[in-house]
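# Close look at the chain arrangement
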Amino acid sequence: MASSIRPTLSLLNRSPRLSFSRFSTAVAVVPQSKSFGLKACCRMMRKNGNSVRVMASTPVTASPENVLEWVKQDKRRMLHVVYRVGDLDRTIKFYTECLGMKLLRKRDIPEEKYTNAFLGYGPEDSHFVIELTYNYGVDKYDIGTGFGHFGIAVDDITKTVELIRAKGGKISREPGPVKGGKTVIAFIEDPDGYKFELLERGPTPEPLCQVMLRVGDLNRSIEFYEKAFGMELLRTRDNPENKYTIAMLGYGPEDKTTVLELTYNYGVTEYDKGNAYAQIAIGTDDVYKTAEAIKLTTGKVTREPGPLPGINTKITACLDPDGWKTVFVDNIDFLKELE
């Protein structure tokens, strides 16, 4: 089933340049490669008794250590999560009335037969938001077994659950302490069957606080997200009674930013991803270096870095070791798109 997902982020070309002084002799310039990490060298040649200076740009392969060290310094932020729904108006109504989100913007692309809606708890330039995609005529999707849930922090979980119940929402776990802990949680489902974990938490700048995905090898995934994505491992928690382990990774503390929650279920190495969940978008200062870092790890680049046709937004896309998709978008271009 074909479905349209359009990343909404852009990148500025950062072509390396070499500056040359004027010489009294002729100057021949060898075009410079766009590879990360270049070094210019000169050599003198004699031809017909005249001195000719040739500027040769010799590509120097950047060491994996240099590329991966850059990743740690990159200004990255989780921007939005993209998934497909069968009735856009119904989902918008549920998210705004039951979950307290705001409809930030909406765009229809009739020539490609899809509509996007962006919802969240604050402006896109500073908050993690949801990008819903409705494909004309498609009213149902398979969520699969790999996608887990989204997390939302709320001040009063009992009040929130009762509101959702009154609006006809499905409560799949009543409010109560998490097993083995003190945090009060509840689980609800939206009209398409996507699960949301409600976490009772004090005021936070980022209420849309988690995306949970299941993986087949937790240590492999942690290493990938640390090295290729520059995320920090915030904590892990093993639950042998229920035979699963989780790892929280992100670009800041759990109570202040959106984090990625990876879950490993004992003995399960593969999951059905369905066709409903699409991808996460992350901002970066340089999609070209980002792609280099992904290639040095266990990820797979599925779209080489460069501008999108028509809007010139520079992106690169990749798959993690389990096949979960992420799109990296240039930070400056992303802000331009929001203007």
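That block above? That's the structure.
Let me sum up the structure you'll find in this document.

Attention shifts here to the nonpolar core. Among the nonpolar cores identified, the biggest contains 57 residues, and Tyr83, Tyr95 and Phe196 are the most heavily contacted of them. Those residues in contact with Phe196 that sit more than four places away from it in its chain are Tyr83, Tyr95, Leu99, Met101, Ile130, His149, Phe150, Ile152, Ala186, Phe187, Ile188 and Asp190.

Here we have eight strands laid out as an open sheet, ordered β5-β6-β7-β4-β16-β19-β18-β17, and mixed in their pairing. The sheet terminates laterally at β5 (102–109) and β17 (300–307), the two strands that pair on one side only. On average, each strand axis in the sheet is inclined to that of its neighbour by 20°, with strand direction left out of account. Here β17 runs beside strand β18 (residues 314–319); their pairing, made up of five bridges, is antiparallel. What sits directly across from Arg303, in β18, is Ala317.

Here the focus is unusual backbone geometry. Even without being glycine, Lys113 reaches a positive phi, approximately 60°. A relative accessible area of 53% means that Lys113 is categorised as exposed. Phi is positive for Lys243, which is not a glycine, with a value near 60°. Note that Lys243 resides in the loop between β13 (232–239) and β14 (244–250).

All chains considered together, the criterion is met by 16 aromatic pairs. Judged by centre distance (5.5 Å) and plane angle (75°), the ring pair of Tyr95 and Phe196 falls under edge-to-face. Here Tyr95 is found in helix α2 (residues 88–97), whereas its partner Phe196 is found in strand β11 (residues 195–200), with 101 residues between them in sequence. With a relative accessible area of 0%, Phe196 lands in the buried category. By way of ring pairs, the aromatic residues Tyr83, Phe94, Tyr95, Phe147, Phe150, Tyr194, Phe196, Tyr277 and Trp324 are connected into one cluster. The positively charged end of Arg105 is found above the aromatic ring belonging to Phe118, 3.8 Å away from the centroid. We note Lys273 situated over the ring of Trp324; from NZ or CZ to the ring centre the distance is 5.1 Å.

About the thresholds
- Sequence order as written defines residue numbering, which begins from 1 separately in each chain.
- Only residues with pLDDT of at least 70 get local features here, since the model is predicted, and only at 80 or more are side-chain atom pairs given and counted; chain-wide, interface and lining totals rely on the full set of residues.
- Note that the side-chain values use all heavy atoms of the structure and ignore hydrogens as well as water.
- We call a set of buried Ala, Val, Leu, Ile, Met, Phe, Trp, Tyr and Cys residues a nonpolar core when their side-chain atoms join them within 4.5 Å.
- We call a residue buried when its accessible area falls under 20% of the maximum for its residue type, exposed when it is over 50%, and partly exposed in between, using a 1.4 Å probe and counting protein chains only.
- Pairs of residues are marked as contacts when any of their non-hydrogen atoms sit within 4.5 Å.
- If DSSP finds at least two bridges between two strands, the strands pair.
- Only DSSP runs of H or I with at least four residues qualify as helices, and only runs of E with at least two residues qualify as strands; both kinds are numbered from the N terminus onward.
- Angular values range over 0 to 180 degrees, each being the angle between N-to-C directions of two axes fitted as lines to C-alpha atoms, with helices fitted over their stretch in contact.
- Between rings of Phe, Tyr and Trp, where Trp is taken as its six-membered ring, a pair exists when centres lie within 6.5 Å; planes separated by under 30 degrees are stacked, by over 60 edge-to-face, and by other angles tilted.
- Placement of a positive charge over a ring is assigned whenever Lys NZ or Arg CZ falls within 6 Å of the ring centre and within 35 degrees of the normal to the ring plane.

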